[in-house]
Amino acid sequence: MTANQKQWFDRMKTEARSIPLDKKRGIMEVEVFFDNELSLQKRDILTWAKDSTIKTFGWPIAVFLDRSEFKPQPDRDGHVARVFDKSRGSLDFWAWNAIGAFYLYKTIFEDERKENAVFFDTRIIRVTETLMYLRNFFRLAKIAGDTTVSITVRHHQLQGRRLMSANSSRMLFWEYLCVREKTSETVLTTNIDKLNNDEEIFLLARNVTDELFRLFNFELSEAVFRDIATNYLNGKVV
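Conventions and cut-offs
- Residues numbered from 1 in each chain as written.
- Predicted model: local features only at pLDDT ≥ 70, side-chain atom pairs only at ≥ 80, totals over all residues.
- Heavy atoms only, no water.
- Phe/Tyr/Trp six-rings, centres within 6.5 Å; stacked < 30°, edge-to-face > 60°.
- Helix = DSSP H or I, 4+ residues; strand = E, 2+ residues; numbered from the N terminus.
- Buried < 20%, exposed > 50% of the residue type's maximum accessible area, 1.4 Å probe, protein only.
- Contact = heavy atoms within 4.5 Å.

What about the packing of aromatic side chains?
Taken as a whole, this structure holds 18 aromatic pairs when the rule is applied. Ring geometry for F34 versus F138: centroids 5.3 Å apart, planes at 65 degrees, classification edge-to-face. Residue F34 is found in strand β1 (residues 27-34), and its partner F138 is found in helix α3 (residues 120-141); the two are separated by 104 residues along the sequence. Across the pair, F138 and F34 agree in class, each one buried. On the numbers, 6.2 Å between centres and 70 degrees between planes, the contact of F93 with Y103 is edge-to-face. Taken as a pair, F93 in strand β4 (residues 90-97) and Y103 in strand β5 (residues 102-107) lie far apart in primary sequence, 10 residues in all. You'll find F93 and Y103 in the same group, each marked buried. Three or more aromatic residues link up through ring pairs in this structure, and these residues are F34, W48, W96, F102, Y133, F137 and F138.

This is how it looks when you write it as structure tokens:
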């Protein structure tokens, strides 16, 4: 990571974390950057960001809203969206930098359905969706296929949570708790050509969710993972 990239990520993190959320809210955080900084046209970033979203499940990753208080705003580096719903206590904060860096800081869906829970199927969906969103953006930006990209995915406020399923047909009959750790982090490295392959999406998403589920002492079968991820890639939530 270059000094310029680090400075930008630090600034985005400081702004996102200054928003007054309930301290118990779970968070998904994503950092994306290229080894060599790009030079994207700022006027195009907003269009690419809007056209890259996937509207299959709830509010999409990097949700794009036109309401004045939630609409992405330009700054000296690119664009920043700050979607903070006080009534729900939810936050979707995302930003693109013209050098090709992306940052996401969002509350997790589970907290709106069940206290102290992480839904394993929802996490598979959200991580898969993040990778699909990035693939869409990179295609629109026409980034060279051999360009290496680094993607870091974190989940925060895990300690004391129970792993569960959003789908009642996949209920877990044992109790899987995250006892020790507050945060899961997975660092991924790939390139644009690989990311255009669904199998690479599966591999990367599996790496992230395996690391997350390990903290709950839980191992998910390949068949169940692929069923959830494949259906989502095809526009279905199962």
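Describing unusual backbone geometry
Positive phi is not limited to glycine here, since A62 has a value of about 55 degrees. Along the polypeptide, A62 turns up in the loop between α2 (42-52) and β2 (73-74). At K142, a residue that is not glycine, the phi angle is positive and equals roughly 55 degrees. As for its placement among the helices and strands, K142 is situated in the loop between α3 and β7 (148-156). You can call K142 exposed: its relative accessible area is 74%.

Some remarks on the side chain of N231
Take N231: it is sitting in helix α6 (residues 222-233). Among all residues touching N231, those that are not within four sequence positions of it are R226, K236 and V238.

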